[in-house]
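What follows is the residue order along each chain.
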Amino acid sequence: MNQITLIRKTLQPLLGWHGARVNFLALFLVALFRVKSVNLTQLAAGFLSTAKLESNYKRLQRFLGKFELDYGTLAQVVVGLMEIPQPWVLSLDRTTWEFGHCVHNILMLGVVHNGVAFPLFWWMLDKKGNSNTDERIDLLEEFFQVFPEVKVDYLTADREFLGQDWLGYLLEQGFCEFRIRIRESDKLEDGRQCLKAKVVFSSLAVGQRQVLRHRRQVWGHWVYVSALRLEDGKLLIVVTNHRPHRAIADYGKRWAIETLFGCLKTRGFCLESTHLKDPERLSRMIALLSIALCWAFRTGEWLAEQKMIPVKKHGRKARSIFRYGFDHLRQILLNLELFIDEFFHVLHFLSCT
């Protein structure tokens, strides 16, 4: 039984896809780690298949162009593979890049685990610039439809995700707490006076933080406000509906979604090299990469348990857990005959059992 067949048999119970589709996914995953790129020409060359290069390329095009994915099921697969404990921390953000005259603008919701936000739902925005309130609400509604019973600790989001209607929705629905950064120029009102946030926290020295005792009105809604003076002199100001003394520390987990974007792009799968222009095709590619991300990360977690990642003099690890697993899988899949025992071990991480 060859390696592609073994991967297919491992993935089949998770996805419930037709056998040919699961077989394609197995070929894709192996090729992805072998060629270290999502460029379709390179992926086609990396398929462990006796088919011609042109046939592999057309197979990639057919899947990305026609296969109807159930993104809710895929989100459940991601959570199952990663075994993420509750309550969850959600991170909402947007990433964008240009390919020629085509602008890819993606709004994404991820669940934070071990320093990375694993992608659950994403929308391909057909415009440049920020998302609007309706798009954010629809994304959260989709999440809670698929995970109606899940316990969420809080939602984190950057300064882009502001506005009266958006804050109003979060406060009224009560789905979860939130930790959202606001701008220094945003105004805080206490019922007597209205001042810019940078004025309210102007006395803070670098490294100092402050939690306002009473709620302030921001964008027409009463919220708690906390602030920290960063090393570059700027202010990190976070609004929340509960537990304001935790707001600054909790907000720090937002960075996990930036780490995700790095894994998907230049520090990992080189998503920008797809040269795909159609949003639906790109969305299906991200779905495939989500599974690959889980495989690499689970492998990296296991490796780190066996041998800790060295810490450099500047205090940061020599490489990330994702990269630890990514490189290990790449070595195995480039030299399958030499690492057959290791292959059987990492195969386990593509299973929820």
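Residues numbered from 1 in each chain as written. Predicted model: local features only at pLDDT ≥ 70, side-chain atom pairs only at ≥ 80, totals over all residues. Heavy atoms only, no water.

1. A few points about the pattern of salt bridges
The full count for this structure, using the stated rule, is 16 salt bridges. Across the pair Arg159 and Asp158 runs a salt bridge, and its minimum N-O distance is 3.8 Å. In this structure, Asp186 engages Arg183 in a salt bridge whose closest nitrogen and oxygen atoms are separated by 3.0 Å. Owing to a relative accessible area of 7%, Asp186 belongs among the buried residues under this scheme. (Salt bridge = Lys/Arg side-chain N within 4 Å of Asp/Glu carboxyl O. Buried < 20%, exposed > 50% of the residue type's maximum accessible area, 1.4 Å probe, protein only.)

2. Focus: the environment of Thr266
On the secondary structure map, Thr266 appears in the loop between helix 10 (255-264) and helix 11 (279-306). C-alpha of Thr266 to C-alpha of Ser37: the two residues are 229 residues apart in sequence and 9.6 Å apart in space. (Helix = DSSP H or I, 4+ residues; strand = E, 2+ residues; numbered from the N terminus.)

3. Comments concerning the packing of aromatic side chains
Under the definition given, this model contains 21 aromatic pairs. With centroids separated by 5.4 Å and ring planes inclined at 40°, the aromatic side chains of Phe143 and Phe147 adopt a geometry described as tilted. Taking relative accessible area as the criterion, Phe143 reaches 0% and is therefore assigned buried. Given the relative accessible area of 10%, Phe147 is considered buried. Measuring from centroid to centroid gives 6.0 Å for Phe343 and Phe344, while their planes differ by 70°, and the two rings are edge-to-face. Note on Phe343: relative accessible area 0%, which makes it buried. (Phe/Tyr/Trp six-rings, centres within 6.5 Å; stacked < 30°, edge-to-face > 60°.)

4. Considering the nonpolar core
Of all hydrophobic cores here, the largest spans 125 residues; its most connected members are Phe143 and Phe269. Take this core: its biggest share by element is 14 residues, from helix 11. Apart from residues no more than four positions distant in its own chain, Phe143 is found in contact with Trp88, Leu90, Leu109, Leu120, Phe121, Val150 and Val152. Core analysis: the next-biggest nonpolar cluster, separate from the first, contains six residues, Leu228, Leu236, Ile248 and Tyr251 among them. (Core = buried A, V, L, I, M, F, W, Y, C linked by side-chain atoms within 4.5 Å. Contact = heavy atoms within 4.5 Å.)

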